Amino acid sequence: MESLTRKFILFVATILIVTGTAIAETEKSNVNVSASTPHPDANDDTICKEDGLMLSVWQPQHGISLGDRFARGAVYFFALFYLFIGVSIVSDRFMAAIEVITSKEKEVKVKKSNGEVQIVVVRVWNETVANLTLMALGSSAPEILLSVIEMFAKKFKAGDLGPGTIVGSAAYNLFVIIAICVLVIPNGEVRKIKHLRVFFVTATWSVFAYIWLYLILDVISPNVVDIWEGFVTFLMFPATVITAYIADRRLLIYKYIGKRYRMNKRGVMVQTEASEQTLEMNNHLDDNFKALEENAMTEEVKEFEDSRREYITTLKELRKKYPQHDLEQLEIMAQEQILNKGPKSRAFYRIQATRKMMGSGNIMRKISERAQSDLSEVKAELQRVDVIDQTDDGHACKVYFEPGHYTVMESVGDFELRVVRRGDLSLLVTVDFETEDGSAEAGSDYIGKKGTLVFPPGVDEQRFRIEVIDDDVFEQDEHFYVRLSNVSDNATLSTPKVATVMILDDDHGGIFAFTSKDHEIVESVGTFELKVQRYSGARGKVIIPYWTEDGTAKSGKDYESMRGELVFENNEIEQVIPLVILEEGSYEKDVLFYVNIGEPQMVGAQQIEEAEAKAPEDLTEEDKMALLGKPKNGDIIRAQLRIKESKEFKNTVDKLVQRANASILIGTSSWKEQFVEALTVNPGDDDGGDENDGNDDEPSTPSCMDYIMHFLTLFWKIIFAFIPPTDFYGGYLCFVISILCIGIVTAIIGDVASHFGCTLGIKDSVTAIVFVALGTSIPDTFASKVAAIQDKYADASVGNVTGSNAVNVFLGIGLAWTMAAIYHRSGGGEFRVETGNLAFSVTIFCTEACIAILILLARRSPAIGGELGGPRAMKYITATALIGLWLIYLIASSLEAYGVIKFGKNA
């Protein structure tokens with residue numbers, strides 16, 4: 001950066017030389033005029049002849065010495081500097097409103113391939129449309145308003161300051177800002193434009209805008225601007241937005257152009273051109289992404305999936321890096337990194353740059369605090385949702401069995417069933433019950449029963465008993481039902497309204513099996529109890545061996561391997577295998593492992609052992625009965641367990657990804673918050689380029705420069721703290737008031753700049769491209785620099801430059817010239833715009849802009865790999881070429897303004 005600073009010092013020296021030369025030429029001209037005319041002031045360029053729209057000229061204007069003129073010039077210069085600070089601060093508020101407006105979100109339902117419906121939150125505003133409309137307006141509001149206000153100040157006559165500032169700002173943005181962005185990328189790294197189609201469209205419009213400007217100035221109707229020319233210029237603004245939107249959404253011809261995706265080094269899906277190869281995606285997350293793609297997801301939903309994938313990848317990396325941290329700490333750290341390096345708008349970077357310059361602190365310092373509060377709010381919200389789900393429809397009275405399934409031994413005698421009611425307990429409720437046969441029959445296996453249960457007010461449960469008949473005959477397990485019916489009108493029956501009663505024959509050693517073949521568990525369960533059931537008898541003590549087996553889930557990573565034995569005591573019908581599930585915080589996890597049980601062995605069953613040793617023909621009736629009662633395995637002796645992601649973790653990821661919205665960091669909710677920010681000195685980091693791993697706990701203090709800039713800008717901060725907060729009326733009130741304030745400050749800037757130029761003998765066209773364009777573009781310079789470092793793509797730092805340059809002409813010049821042309825036509829005249837320096841400046845800029853764009857496209861070759869960064873030597877070659885183009889533009893335009901270079905009819 002030191003070399004970059006030296007280049008700026010060299011540039012400032014060059015400007016001073018040009019300015020000094022201009023003053024000297026003016027002085028010589030004034031001397032010659034004085035010798036030939038008795039009225040020297042009539043042609044003196046250092047006489048400010050007209051008052052400005054907001055400021056009158058500094059009197060007296062006659063008989064001023066050279067020293068006085070320099071002193072006045074210095075006062076105007078520092079006033080300009082201070083006004084540029086003011087317009088930057090109010091633009092900060094304007095951009096915050098724009099960020100809040102364009103960050104509005106909506107819920108979109110997405111149906112996955114497995115039928116699951118997922119709700120994701122996406123932006124209402126298309127990113128390209130936002131960048132070319134409100135974002136471009138916010139970034140270039142001073143230049144656009146200066147052109148419009150100058151037209152009013154000069155009573156609808158053409159001026160040089162507004163159009164010159166627009167062209168000069170375009171040159172500075174395209175050459176200097178991109179040169180700085182190329183340099184600040186760390187050696188070996190590159191930043192590439194993601195939306196290349198949009199860049200091509202906006203780059204074409206940005207060059208055509210200035211070609212069109214030259215055509216209406218010097219070709220179509222020289223020195224005259226007709227209404228249709230101004231109106232067509234203005235209509236090119238929506239044309240730019242529409243064509244860029246078509247390119248972004250792949251409409252019309254673009255839908256026939258191939259589109260592929262690849263995975264970058266962080267596992268993030270990124271769009272590539274059709275000629276690039278698609279890398280193979282090897283995990284289930286990628287399969288899910290493919291499924292979502294096949295379901296015709298919108299671009300916004302894909303962006304949501306990208307963000308969520310990045311969050312998961314970040315969380316996995318942090319688990320490896322900080323294994324000692326618990327999941328909640330890692331979630332906070334992951335949210336910090338997502339907010340830190342996630343996609344941000346040009347408004348965010350502009351506001352961040354302005355606040356750091358003005359001693360208002362670095363927005364990125366809010367990230368840690370915001371991440372922690374996000375996680376707390378998400379956890380609380382999920383808990384509230386759980387409570388709401390559990391208490392839904394709590395006012396209706398519902399009657400049902402609890403539980404709905406009973407398993408009893410044949411020898412139990414009788415047992416109790418429980419019926420409960422939930423909801424309104426203030427009324428008397430009655431309900432009938434009656435037994436129904438299944439495989440068990442009333443009279444031989446149980447005693448049938450029916451009756452009515454009465455729930456008095458305030459009573460929430462009733463019980464009744466049913467008797468089971470015991471016999472000594474070996475038989476299969478049997479079941480019967482108990483059904484609820486005829487509930488009173490003030491209540492309803494709910495599930496389960498039928499209870500199933502399983503009678504286990506206890507004259508058999510038992511059949512052993514898992515209760516279900518497939519089990520789905522969440523990874524956060526900790527210990528999962530896998531049930532092994534004993535049915536068709538429960539006589540004797542039985543030992544069952546069991547063991548786990550890997551599938552796609554691996555022991556030691558997803559679960560703990562186990563091998564052991566279950567012991568069923570006499571009349572014991574259920575045991576559990578305690579499986580330990582290891583939680584790794586995976587999103588959309590889906591892995592399998594298996595648990596097997598072996599042959600059951602009865603302990604102390606001597607008769608069975610003797611019967612097994614005999615030949616079949618030697619078995620007695622007692623031996624046959626003993627073998628029939630031998631314990632054995634049932635149908636399900638191998639259970640498949642599917643480990644899924646924790647729903648809480650999954651929901652937390654979804655909620656946090658939805659909250660990764662930069663507008664939260666820069667918006668304000670109250671006047672109190674704005675005044676506290678205005679009066680507080682906050683530290684600013686260098687660039688915020690280092691990623692925050694959550695490990696930096698050392699609080700930083702404001703530097704000396706932070707204090708200096710804070711007190712220097714305190715006036716502006718307090719004045720603009722009166723602008724309504726962005727939370728009022730969705731940011732629109734802040735938007736309107738801010739643009740009015742920008743207009744007022746810009747009008748003063750126009751007057752001061754004009755007085756500054758005429759005091760020192762500098763033409764308005766030179767003042768515009770050298771001083772005003774530079775002053776209004778300083779915040780954009782720092783914003784693009786930070787965006788280039790922090791963003792993973794070059795769109796926020798490079799792609800927006802071309803769009804902004806086009807919008808400046810279409811709005812700033814198209815709107816102003818249309819109004820002026822209508823005004824003059826209504827009076828029977830015509831709106832005259834002298835070709836002069838503007839046409840020459842536009843010609844130089846268009847030629848050099850084509851060269852600059854070709855340089856950027858050439859840098860996408862494999863040798864460099866992107867528009868920004870790359871090998872050290874190539875960075876400096878590119879930056880030198882771009883800054884050289886800008887200096888050529890400045891010097892050539894200045895020399896032409898003073899007649900040193902002849903152009904057009906003056907050649």
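Residues numbered from 1 in each chain as written. Predicted model: local features only at pLDDT ≥ 70, side-chain atom pairs only at ≥ 80, totals over all residues. Heavy atoms only, no water.

## A closer look at the nonpolar core
Membership of the largest hydrophobic core comes to 124 residues, with the highest contact counts inside it found for Tyr210, Leu213, Trp817, Phe845 and Tyr889. Looking at this core element by element, the count peaks at 17 residues for helix α4 (residues 161-184). Here Trp817 is in contact with Met151, Pro163, Leu213, Ile216, Leu217, Val225, Phe831, Val833 and Leu838, once residues within four sequence places are set aside. Formed by 26 residues, the second largest nonpolar core is a distinct cluster that contains Ala440, Val468, Ala499 and Val501. (Core = buried A, V, L, I, M, F, W, Y, C linked by side-chain atoms within 4.5 Å. Buried < 20%, exposed > 50% of the residue type's maximum accessible area, 1.4 Å probe, protein only. Helix = DSSP H or I, 4+ residues; strand = E, 2+ residues; numbered from the N terminus. Contact = heavy atoms within 4.5 Å.)

## Concerning helix α19 (residues 764-790)
Between its first and last C-alpha atoms α19 spans 38 Å; for 27 residues at 1.5 Å apiece the expected length is 39 Å, and the two agree. At Ser777, α19 shows its largest kink, close to 45 degrees, and the proline Pro779 lies no more than four residues downstream. Most of α19 sits inside the fold, with 25 of its 27 residues counted as buried. (Expected span 1.5 Å × (residues − 1). Bend = angle between axes of the 7 residues up to and from the residue.)

## Here we look at the packing of helix α2 (residues 66-102) against helix α3 (residues 127-153)
Orientation of α2 relative to α3, taken along the N-to-C sense of each, is 170 degrees, at an axis distance of 8 Å. Put simply, α2 runs roughly antiparallel to α3. From α2, Val87, Ser91, Phe94, Met95, Ile98, Glu99, Ile101 and Thr102 reach across to α3, where they touch Ala130, Leu134, Met135, Leu137, Gly138, Ser139, Ala141 and Pro142. Residues belonging to the contact of α2 with α3 are distributed by class as follows: 11 nonpolar, 4 polar and 1 charged. (Axes fitted to C-alpha atoms, helices over the stretch in contact; angles between N-to-C directions. Parallel < 35°, antiparallel > 145°, perpendicular 65-115°, else oblique. Nonpolar A, V, L, I, M, F, W, Y, C, P; charged D, E, K, R; others polar.)

## Structural notes on the environment of Trp886
Positionally, Trp886 belongs in helix α22 (residues 872-897). A C-alpha to C-alpha distance of 9.7 Å links Trp886 and Asn173, two positions 713 residues apart in sequence.

## A short note on the pairing of strand β18 (residues 527-535)
Residues Phe528, Leu530, Val532 and Arg534 line the buried face of β18, whereas the alternating positions Thr527, Glu529, Lys531, Gln533 and Tyr535 sit on a face that is not buried. Pairing of strand β16 (residues 511-514) with β18, which is carried by 4 bridges, proceeds in the antiparallel orientation. Residue pairing across strands places Phe512 opposite Arg534, the latter belonging to β18. When β18 meets strand β21 (residues 574-580), the two strands line up antiparallel, connected through 7 bridges. Its bridge partner lying in β21, Glu529 is registered against Pro578. (Pairing = 2+ DSSP bridges.)

## Focus on the sheet that holds strand β24 (residues 632-633)
Across the sheet, which stays open at both edges, the 4 strands sit in the order β21-β18-β16-β24 with mixed pairing between neighbours. Taken across any chain shown, the strands that pair with only one partner, and hence form the sheet edges, are β21 and β24. Here β16 runs beside β24; their pairing, made up of 2 bridges, is parallel. Bridge pairing in β24 links Phe512 to Asn633.

## Thoughts on α22
Helix length check: α22, at 26 residues, gives a terminal C-alpha distance of 38 Å against a target of 38 Å (1.5 Å per residue), a fit within 8%. Just past α22, the residue Gly899 takes up positive phi, approximately 80 degrees.

## Concerning the pattern of salt bridges
Using the criterion set out here, one finds 14 salt bridges in the structure. In this structure, the salt-bridge partner of Glu189 is Arg191, at a minimum N-O distance of 3.2 Å. Residue Glu189 is classed as partly exposed on the basis of its relative accessible area, which comes to 35%. For Arg191, a relative accessible area of 9% translates into the label buried. One salt bridge in this structure joins Arg422 and Glu402, with 3.6 Å as the shortest N-O distance. Within this pair, whereas Arg422 is found in strand β9 (residues 414-422), its partner Glu402 is found in the loop between β7 (398-401) and β8 (405-409), the two being separated by 20 residues in sequence. You can call Arg422 partly exposed: its relative accessible area is 31%. Here Glu402 falls in the partly exposed class, since its relative accessible area comes to 28%. Through salt bridges that share partners, Glu402, Asp414, Glu416, Arg418, Arg422, Asp460, Glu461, Arg463 and Arg465 make up one connected network. (Salt bridge = Lys/Arg side-chain N within 4 Å of Asp/Glu carboxyl O.)

## Quick look at the sheet that holds strand β14 (residues 492-493)
Reading across the sheet, the 4 strands line up as β12-β9-β7-β14 and stay open at both edges, with mixed pairing between neighbours. The strands lining the two open edges of the sheet, one partner per strand, are β12 (461-467) and β14. As defined by bridge partners, β7 adjoins β14 across 2 bridges and the pair is classed as parallel. The residue bridging Lys398 from the neighbouring strand is Thr492, located in β14.

## Some remarks on a nonpolar patch on the surface
A cluster of nonpolar residues, Leu53, Met54, Leu55 and Ile744, forms a patch on the protein surface that exposes about 340 Å² of accessible area. Positionally, Leu55 belongs in the loop between α1 (2-36) and α2. (Patch = residues over 30% accessible without salt bridge, like charges linked within 9 Å, V, L, I, M, F, W, Y side chains within 5 Å. Areas by Shrake-Rupley, 256 points an atom, 1.4 Å probe, with all protein chains shown as cover.)

## What to know about the environment of Gly743
If you trace the backbone, Gly743 turns up in helix α18 (residues 732-760). Sequence spacing of Gly743 and Val87 is 656 residues, and the spatial spacing of their C-alpha atoms is 9.1 Å. With residues near it in sequence (within four places) discarded, Gly743 still touches Leu145 and Ile149.

## What to know about the packing of α4 against helix α21 (residues 836-858)
Where α4 meets α21, the axes come as close as 10 Å, and the angle between the chain directions of the two elements is 20 degrees. Considering their axes alone, α4 and α21 lie roughly parallel with respect to each other. Pair α4 / α21 crosses with left-handed handedness. Taken together, the residues of α21 that come into contact with α4 (itself represented by Pro163, Val167, Ala170, Ala171, Leu174, Phe175 and Ile178) are Leu838, Ser841, Val842, Phe845, Glu848, Ala849, Ala852 and Leu856. Among the residues forming the contact of α4 with α21, the class breakdown is 13 nonpolar, 1 polar and 1 charged. (Left-handed = near helix turned anticlockwise from the far one by under 90°.)

## Structural notes on the packing of aromatic side chains
Under the definition given, this model contains 27 aromatic pairs. With a centroid separation of 6.3 Å and 65 degrees between ring planes, the pair formed by Trp212 and Trp228 is classed as edge-to-face. Taken together, the positions of Trp212 in helix α5 (residues 196-218) and Trp228 in helix α6 (residues 227-249) put the pair 16 residues apart, joining distant regions of the chain. By relative accessible area, which is 10% here, Trp212 ends up buried. Since its relative accessible area comes to 43%, Trp228 is described here as partly exposed. (Phe/Tyr/Trp six-rings, centres within 6.5 Å; stacked < 30°, edge-to-face > 60°.)

## Comments concerning the side chain of Asn223
Counting through the fold element by element, Asn223 comes out in the loop between α5 and β4 (224-225). Residues within four places of Asn223 in sequence aside, it is in contact with Leu217, Phe831, Arg832, Val833, Glu834 and Thr835.

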